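What the coordinates show
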Amino acid sequence: MTDDTEFDALAGAHLDTLAIRAGITRSLEGEHAEPIFLTSSYVFDSAADAAARFSGDSPGNVYSRYTNPTVRTFEERIAALEGAEQAVGTASGMAAILSTCMALLKSGDHVICSRNVFGTTVNLFGKYMAKFGVEVSFVPLLELDQWRAAIRPNTAMLFVETPSNPLCEVADLAAMAELARASDSLLVVDNCFCTPALQTPLSLGADIVIHSATKYLDGQGRCVGGAVVGSHRHMEEVVTFLRTCGPTMSPFNAWVFLKGLETLRLRMEAHSRNALELAGWLQQQPGVERVFYAGLPDHPGHELARRQQRAFGGVLSFAVKGGRQQAWDVIDGVRIMSLTANLGDAKTTIVHPATTTHGRLSPGDRAAAGITDNLIRIAVGLEHVDDLRADLQRGLAAIA
Ligand SMILES: *Cc1c(COP(=O)(O)O)cnc(C)c1O
């Protein structure tokens, strides 16, 4: 903010405005765009000033592992968009999840995690948290009875991602928040797929929101980063962990994310519009067995997504008639879409989950998660939808 007048004017502003203006602090140069503070450390006015900043009596910067003005602008903007007291930038989405766990869990705690989360998240809980004495139960995203049954006296955290990847299953966040409250545990929501443009979990009762800024917050596939969002009380613990252990966000990346955020709402609407159109078209194609997208009225999560989200997002998946070979033939037949596992990019990406993103699951776990060999995931980008349709048509022609 330049001054208190501008700060007051943004109170209660729309998401579009906050995504462009929240968190700006101008330097004495009066620059219009956000500056990048590529500096590892800061000079002090005097020995007394140094002492005051080190002790925390003065709020000034000391070292960029602690604070950095560009990262702070990113954090204030994310907090404004999620409607949170505070956000903390991290080196990656995984660093955001790790920092949350290290800051808020202790040995002997129990975590209940959705089985349908990002694969690396499963490894983080199953391998590393387990190594430090945190027990983890994995349960199916939509089976609230199983979540309830899994609760123990030492349950400290429920971890969920909605909509899920790649089948777009939609979890009822308000119901999960109720469960978290009743069991005195924290509800942590990975909001990577929706972003605050489409869904604000804190407003539904979640305690903490996780972001991989690498995806839609950047929006153009340039940088790796993440964020943890929540109350001052919880973020204070996360900040202490980051300052001590170091997986902080780079100021250069923070600047790239700030530029990405300026177009967040427009992009999320366009991703969602393109995805909805492609999903409807795919449903009518003879080579397609089934389409998974919460924007389709026959998707089991449709009504809930309508209530909980502002649009249905950019990720969809579909099963082709046949098996793995047919799915691979369709993927190898497209010419515009990029064959890559990344998502949240202006460029449409296409991938075969069973042999890439979900390839490390056992065949049994994969079947339980509904990831069949004939399934293809698309993270729909911002190209013209007619060209994307023509590209899929090209792919489907390979199995016609
Ligand atoms: C990519 C992703 C992550 C991990 O983020 P990185 O920035 O790659 O560390 C976490 N959760 C979800 C849902 C993701 O898609």
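Conventions we followed
- Residues numbered from 1 in each chain as written.
- Predicted model: local features only at pLDDT ≥ 70, side-chain atom pairs only at ≥ 80, totals over all residues.
- Heavy atoms only, no water.
- Near = heavy atom within 4 Å.
- Polar contact = N/O pair within 3.5 Å; in protein donor to acceptor, adjacent residues only side chain to side chain.
- Nonpolar A, V, L, I, M, F, W, Y, C, P; charged D, E, K, R; others polar.
- Domains from an automatic or database assignment.
- Contact = heavy atoms within 4.5 Å.
- Buried area = accessible area lost by both parts, 1.4 Å probe.
- Salt bridge = Lys/Arg side-chain N within 4 Å of Asp/Glu carboxyl O.
- Helix = DSSP H or I, 4+ residues; strand = E, 2+ residues; numbered from the N terminus.
- Pairing = 2+ DSSP bridges.
- Right-handed = clockwise from strand over helix to strand, strands pointing away.
- Buried < 20%, exposed > 50% of the residue type's maximum accessible area, 1.4 Å probe, protein only.
- Arc of directions from axis to C-beta.

1. Concerning the site of the ligand
Residues in contact with the ligand, as listed here, are S92, G93, M94, F118, E161, D190, C192, F193, S212, T214, K215 and G225. Interatomic distance of 2.6 Å between a side-chain N/O atom of D190 and a nitrogen atom of the ligand. Between an oxygen atom of the ligand and a side-chain N or O atom of S212, the distance comes to 2.9 Å. For the shell around the ligand, a count of residues per class yields 4 nonpolar, 5 polar and 3 charged.

2. Considering the domain arrangement of the protein
Annotation of the protein at the domain level lists domain 1 (4-261) and domain 2 (264-397). On a C-alpha basis, the centres of domain 1 and domain 2 stand 27 Å from each other. Opposite the 36 residues of domain 1 that make contact, domain 2 presents 36 residues. Carbon and sulfur atoms make up 58% of the area that domain 1 and domain 2 hide from each other, which totals about 3,000 Å². Its largest share of buried area at the contact with domain 2, domain 1 owes to L167, L198 and Y216, together 26% of the area lost on that side. The shortest N-O distance in the salt bridge between D16 and R265 comes to 2.1 Å. Contributing elements (two or more residues each) for the side of domain 1 that touches domain 2: helix 2 (15-21), helix 8 (173-182), helix 9 (195-198) and helix 11 (251-261). Looking at which element gives the most residues to the side of domain 1 that touches domain 2, the answer is helix 9, with 4 residues. Classifying every residue of the side of domain 1 that touches domain 2 gives 19 nonpolar, 11 polar and 6 charged.

3. Here's the deal with the pairing of strand 3 (residues 135-139)
As defined by bridge partners, strand 2 (residues 110-114) adjoins strand 3 across 5 bridges and the pair is classed as parallel. Residue S114 lies in a different strand from strand 3, and its bridge partner there is V139. For the crossover from strand 2 across helix 6 (residues 119-131) to strand 3, the handedness is right-handed.

4. Side note on unusual backbone geometry
Residues T162 and P163 are joined by a peptide bond in cis, for which omega reads -5°. One can find P163 in the loop between strand 4 (155-161) and helix 8. Of note, the bond from N165 into P166 is cis; its omega dihedral lies within 30 degrees of zero at 5°. Checked against the element boundaries, P166 lands in the loop between strand 4 and helix 8. Despite not being glycine, D184 shows a phi value in the positive range, around 55°. Tracing the backbone shows D184 in the loop between helix 8 and strand 5 (186-190). Residue D184 is classed as exposed on the basis of its relative accessible area of 71%. A positive phi angle, near 65°, is found at T195, a position not held by glycine. Relative to the helices and strands, T195 resides in helix 9. On the accessibility criterion, T195 (1% relative accessible area) is buried.

5. Points about helix 14 (residues 324-333)
Here helix 14 has its buried residues at A327, V330, I331 and G333. Projected down its long axis, helix 14 shows its buried positions confined to an angular sector of 165°, all on one face. Buried-residue contacts for helix 14 involve strand 9 (315-320), strand 10 (338-339), strand 11 (349-351), strand 12 (375-379) and helix 16 (385-397).

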